[in-house]
Amino acid sequence: MRWGARKNAVRAGIGAVYPRLWRFCVSLAGDRAAGEDLAQATVLRALEQAAKFQPGTHLDRWLFVMARRLWLNELRHRAVRKGTGLRPVEELDLPDPAPGIETHIFASEVFDVVTALPEAQRVTALLVLVEGYSYAEAAEALDIPVGTVMSRIAAARRSVAARVGDAQEAGRKVR
Amino acid sequence: MVERFTDEEISAFLDGEADPALAVRIAAARDADPDFAADLAAMEAAGAHLVAGFDALMADAPDAPDLSPAAGRIAWRGMAAGFAAGIAVAAIAGAGWLYSRPPAWERYVAAYQALYVPATVAGADLTPDAARARIAELAPELGIDLSALPDLPGLNLRRAQMLGHDGQPLLQIAYADAEGRPVALCIIARAGGASAPVMREMEGLPAVAWATDAHAFLLIGGTAETVQKAAKVARAAL
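Scoring rules and cut-offs
- Residues numbered from 1 in each chain as written.
- Chains lettered and ligands numbered in written order.
- Predicted model: local features only at pLDDT ≥ 70, side-chain atom pairs only at ≥ 80, totals over all residues.
- Helix = DSSP H or I, 4+ residues; strand = E, 2+ residues; numbered from the N terminus.
- Buried ≥ 20, exposed ≤ 12 C-beta atoms within 10 Å, placed from the backbone.
- Contact = placed C-beta atoms within 7 Å.
- Pairing = 2+ DSSP bridges.
- Axes fitted to C-alpha atoms, helices over the stretch in contact; angles between N-to-C directions.

1. Considering the overall build of chain A
Here is step 1: Counting its secondary structure elements, chain A contains seven helices and zero strands.
Here is step 2: What you see in chain A, going N to C, is helices and strands ordered as α-α-α-α-α-α-α.
Here is step 3: Across the 175 residues that make up chain A, the buried fraction comes to 42%.
Here is step 4: The long-range fraction of contacts in chain A, counting pairs at least 24 apart against all pairs at least 6 apart in sequence, stands at 64%.

Below is the structure:
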């Protein structure tokens, strides 16, 4: 396939994938501004490297791997220097939940459960629980052993379960 | 003696990554030990909370950049205005579908629904009144009161039947849309916590899933527009 055609395949596919790429980048960076920078940088890099994309394979997965590499090699350091990356959980500006939804934990905790996780657990949980990666696929994408995927997912679940349990306990006391 | 499992084993079981022997042992322990069953449910709910958190984040995802060659250079449109979460989320997720992994019962329902053709529901011989009576009869098995369930826009009630998933009763209320396409509202008792509606494509069918504190709902089949509208009405009533 000609380079131009591949570039067009990448260009045409990015629109549908971009919101999920953005979410992946925000999850990696733990911060919206840094995540947005990373998502945009990934798109630019993807267009440059479009010749390496194999049409018919998963564009989203290709972009995720590229985003992670960019984050680890380049942007993370810059974000840390600028003080925008890897901030404490309390400072994260994740969105408010839909109003009127009755949850059995306090509404803001729906998001806190994600942001409270360490970066490694957060990204692994996103790939496995949300993006539908198998443990083996997540291990390959994150360049870690399958056992590490398993322990990160387990730790993420356990800490959220504990947090939700505490919140329910607190909710009962308030009432 | 009750067997104990590590968090890794529990997680692998919940993610469908446990080998069959482990899965059998965990399922047996769940049935034998209420404390373990509660812990397993808490770990499953924790996963659902994470999915809900990540899905909610999607509501604020910005538009994709304009990459058309005509744009000359990439024109970043900045962040989309804060979008109310909910069904609207689906509209900005590119092709219109979120990609989170649905729970197992939803996947089974979708696979089942995919086998339905218009003739499946055309042959249902219950009158709407009889179908409503049947719903009233079956609902208590799930511990739910469905007397407030209204007619759903664009859908004709055909029948109600009890199915089962993993030993749990699963109520299926079957409808046909205006073109006779099968649509089903499926309900299962599930204390995983309330969750906002999420739209997905499952087995090639549009589906909206949501949950209350005690029950999970999946409306699937027909067209995306119909299930969105019908889900809104059903959810408001229940």
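From this point, the discussion proceeds with the structure in view.
2. Observations concerning the pairing of strand 1 (residues 155-165) of chain B
All names here are of chain B.
Here is step 1: Strand direction decides the pairing type here: strand 1 and strand 2 (residues 168-177), joined by 10 bridges, are antiparallel. By the bridge assignment for strand 2, L163 is matched with L170.
Here is step 2: Linkage of strand 1 to strand 2, two consecutive antiparallel strands, is achieved through a turn of two residues, within which D166 is found at a positive phi near 55°.

3. What about the environment of A139 of chain A?
Residues and elements named next belong to chain A.
Here is step 1: If you trace the backbone, A139 turns up in helix 6 (residues 135-142).
Here is step 2: For the pair A139 and V149, spaced 10 residues apart in the sequence, the C-alpha separation amounts to 6.1 Å.
Here is step 3: With residues near it in sequence (within four places) discarded, A139 still touches I144, P145, V146 and V149.

4. Section: the pairing of strand 5 (residues 205-211) of chain B
Regular strands show a simple pattern: their side chains alternate between the two faces of the sheet.
Residues and elements named next belong to chain B.
Here is step 1: Among the seven residues that make up strand 5, seven are buried, leaving the element largely enclosed by the rest of the structure.
Here is step 2: A two-sided burial pattern is seen for strand 5, the buried positions comprising L205, A207, A209 and A211 on one face and P206, V208 and W210 on the other.
Here is step 3: Both strand 4 (residues 195-202) and strand 5 contribute to a ladder of six bridges, which runs antiparallel. Residue pairing across strands places S195 opposite A211, the latter belonging to strand 5.
Here is step 4: The hairpin turn running from strand 4 into strand 5, its antiparallel successor, is two residues long, and E203 in that turn takes a positive phi close to 50°.
Here is step 5: Bridging between strand 5 and strand 6 (residues 215-221) involves five bridges; their strand directions are antiparallel. If you follow A209 over to strand 6, its bridge partner there is L218.
Here is step 6: The hairpin formed by strand 5 and strand 6 contains three residues between the paired strands.

5. Focus on the sheet that holds strand 5 of chain B
All names here are of chain B.
Here is step 1: Judged by pairing direction, the sheet is antiparallel, and its six strands sit side by side in the order 1-2-3-6-5-4 without closing on themselves. Only two strands of the sheet have a single neighbouring strand rather than two, namely strand 1 and strand 4. Averaged over all neighbouring strand pairs, the angle between strand axes comes to 15°, with direction disregarded.
Here is step 2: Packing of helix 7 (residues 128-142) onto the sheet brings it into contact with strand 1, strand 2, strand 3 (182-189) and strand 6, and relative to strand 1 it is tilted by some 30°.

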